[in-house]
Amino acid sequence: MTRPVAVITETAELDPEPGLRLLSEAGFEARLVGSRDPEAIAAAAHDAVALIVGYARVDAALLDRLPAVRILATMSAGTDMIDVQEAERRGLWVANLPDAATEDVAVHALAQALALVRRLPQADALVRAGGWSDDFTEMPRRASELTLGLVGFGRIARTLARIAAPLFGRVIAHDPHATDRPDGVDLVGPDTLIAEADVLSLHIPSTPRTKGMVDGPLLARMRPGSLLVNVARGDLVDADALLAALDSGPLAGAALDVFPTEPPAADDRLRTHPRLLLSPHSAFLTDASTHAYATDPARNVIAWWTTGRPNTPVAGPTRATTPAPGTTPRQGAFA
């Protein structure tokens, strides 16, 4: 009997072997493309029933070349690499990993926020240049006197709110789809969030409605001396507007774990601006999360094959796409 075929597009820095092994043990013929190139994917997955996706773009043109595919499983919480609407139209399952790195990303966001508040990048540069504390031109700020604002209030934002609340004077969040809040968090409107946040942290997916959402007009409404943290998706932020706001206000600093183009070009000014704290799309990286990212997409495929439904679906032939409580829907927090 012919075994069903499951194909992994590419895994970046992750070890694909645990996922490939799980699929093989479950009776699949498991293949690794090792590329985002649609030609390579189409050639390797022409007979696949399941496609596990890293960052490769899966659109209608690629799906036309994968007639046997019935499930698309991402190696991330986000599904922006997949045309979910097209997948739904074709009756395909789409599954993601909502919890593989929730704690890790939240902790990373908090670490970046506190590093900005305490001006650690500037302090590091100061010492390396031979300076000392009396050479500070801008004083660090006291976190307990600041307001942390969360754009979106899904799993990661809720975890961040819980661990950050004892440190910040106030935590506020905006998500029109949030129906409940933990103690210590105020749900506010979008205008209030932008006007009152000293540190604004982004926790929404990339969609046509949220791309470029943090633009010049939005940044101009932020408080003088405010800070921005983005561990979500790079295209949420207009890079030119961000650089302008860092140069001439109101932003005192920003921390980016994600970029419009990854990695950014060698001459990209985002790499060199002194008020930017950068990390290489690594907020999710821990020993525990990397194992989950390798195995849990395979578990979604195996669950679908054995039960008819993946473990963590976001769309499917019989599933309404209304988000569950505590999640952020695809249209984003400022819908």
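Note that the structure is a prediction, hence the values are computed from the model and not measured.

A. Here's a closer look at the packing of aromatic side chains. Considering all chains together, one arrives at three aromatic pairs under this definition. Ring centres of Phe284 and Tyr293 lie 5.3 Å apart, and the angle between their planes is 80 degrees; on these two criteria the pair is classed as edge-to-face. A single burial state applies to Phe284 and to Tyr293, both of which are buried. Three or more aromatic residues joined by ring pairs make a cluster, and in this case those are Phe28, Trp304 and Trp305.

B. Region of interest: the pattern of salt bridges. This structure, assessed with the given rule, holds 19 salt bridges. As a salt-bridge pair, Asp47 and Arg31 come within 2.8 Å of each other at their nearest N and O atoms. Taken together, the residues Asp47 in the loop between α2 (38–44) and β3 (50–53) and Arg31 in strand β2 (residues 29–32) connect sequence positions 16 residues apart. On the basis of relative accessible area, Asp47 is assigned to the partly exposed category, the value being 31%. Its relative accessible area of 21% is what places Arg31 among the partly exposed residues. When the shortest N-O distance is used, the salt bridge between Arg233 and Asp80 registers 2.9 Å. Residue Arg233 is found in the loop between β10 (226–230) and α10 (239–248), and its partner Asp80 is found in the loop between β4 (71–74) and α4 (84–89); the two are separated by 153 residues along the sequence. Of the residues examined, Asp80 reaches a relative accessible area of 29% and is grouped as partly exposed.

C. Region of the structure containing the sheet that holds strand β12 (residues 276–278). The parallel open sheet is built from seven strands, whose spatial order is β8-β7-β6-β9-β10-β11-β12. Both outer strands of the open sheet, β8 (185–187) and β12, are each paired with one neighbouring strand and no more. Pairwise comparison of adjacent strand axes, ignoring direction, gives a mean angle of 20 degrees for this sheet. In the sheet, strand β11 (residues 251–256) pairs with β12 via three bridges, with the strands oriented parallel. Residue Ala255 lies in a different strand from β12, and its bridge partner there is Leu277. Across the sheet, α10 lies against β10, β11 and β12, angled at about 140 degrees from β11, the strand it touches most.

D. Just the pairing of β11, in detail. Along β11, six of the six residues are buried, which leaves the element largely enclosed by surrounding structure. Across five bridges, β10 lies against β11 in parallel orientation. Note on β11: the bridge partner recorded for Leu227 is Gly253. A crossover connection joins β10 to the parallel β11 through α10; in handedness this β-α-β unit is right-handed.

E. Local environment of the packing of helix α1 (residues 17–25) against helix α11 (residues 287–307). Where α1 meets α11, the closest approach of the two axes is 7 Å, and the angle between their N-to-C directions is 25 degrees. For the element pair α1 / α11, the angle class is roughly parallel. Once α1 is placed against α11, the crossing between them reads as right-handed. Judged by residue contacts, Pro18, Gly19, Leu22 and Leu23 of α1 engage His291, Ala294, Thr295, Ala298, Arg299, Val301 and Ile302 from α11.

F. Expanded view of the sheet that holds β4. With respect to topology, six strands assemble into an open sheet ordered β2-β1-β3-β4-β5-β13, the strand pairing being mixed. One side of each edge strand has no neighbouring strand; the edge strands of this open sheet are β2 and β13 (313–315). Strand-to-strand twist in this sheet, taken as the mean axis angle between neighbours without regard to direction, amounts to 25 degrees. Here β4 pairs with strand β5 (residues 93–95) via three bridges, running parallel.

G. Expanded view of the confidence of the model for the chain. Averaged over the chain, the pLDDT score is 91; the fraction of residues at 70 or greater is 94%. Within the model, the stretch residues 320–332 combines pLDDT values under 50 with 34 contacts to residues more than four positions away or in other chains.

H. Expanded view of the packing of helix α5 (residues 102–117) against helix α7 (residues 155–164). Contact geometry of α5 with α7 gives a least axis separation of 8 Å together with a crossing angle of 55 degrees. In terms of their interaxial angle, α5 and α7 are classed as oblique. The two elements α5 and α7 meet at a crossing, and its hand is right-handed. For the pair α5 and α7, the contacting residues are Thr102, Glu103, Val105, Ala106, Val107, Ala109 and Leu110 in the first and Arg155, Ile156, Thr159, Leu160, Ile163 and Ala164 in the second. Of the residues contributing to the contact of α5 with α7, the split by class is nine nonpolar, two polar and two charged.

I. Region of interest: the side chain of His273. Here His273 is to be found in the loop between β11 and β12. Contacts of His273, omitting those with residues within four sequence positions, involve Leu243, Leu246 and Asp247.

Criteria and cut-off values
Residues numbered from 1 in each chain as written. Predicted model: local features only at pLDDT ≥ 70, side-chain atom pairs only at ≥ 80, totals over all residues. Heavy atoms only, no water. Phe/Tyr/Trp six-rings, centres within 6.5 Å; stacked < 30°, edge-to-face > 60°. Buried < 20%, exposed > 50% of the residue type's maximum accessible area, 1.4 Å probe, protein only. Salt bridge = Lys/Arg side-chain N within 4 Å of Asp/Glu carboxyl O. Helix = DSSP H or I, 4+ residues; strand = E, 2+ residues; numbered from the N terminus. Pairing = 2+ DSSP bridges. Axes fitted to C-alpha atoms, helices over the stretch in contact; angles between N-to-C directions. Contact = heavy atoms within 4.5 Å. Right-handed = clockwise from strand over helix to strand, strands pointing away. Parallel < 35°, antiparallel > 145°, perpendicular 65-115°, else oblique. Left-handed = near helix turned anticlockwise from the far one by under 90°. pLDDT = per-residue confidence, 0-100. Nonpolar A, V, L, I, M, F, W, Y, C, P; charged D, E, K, R; others polar.

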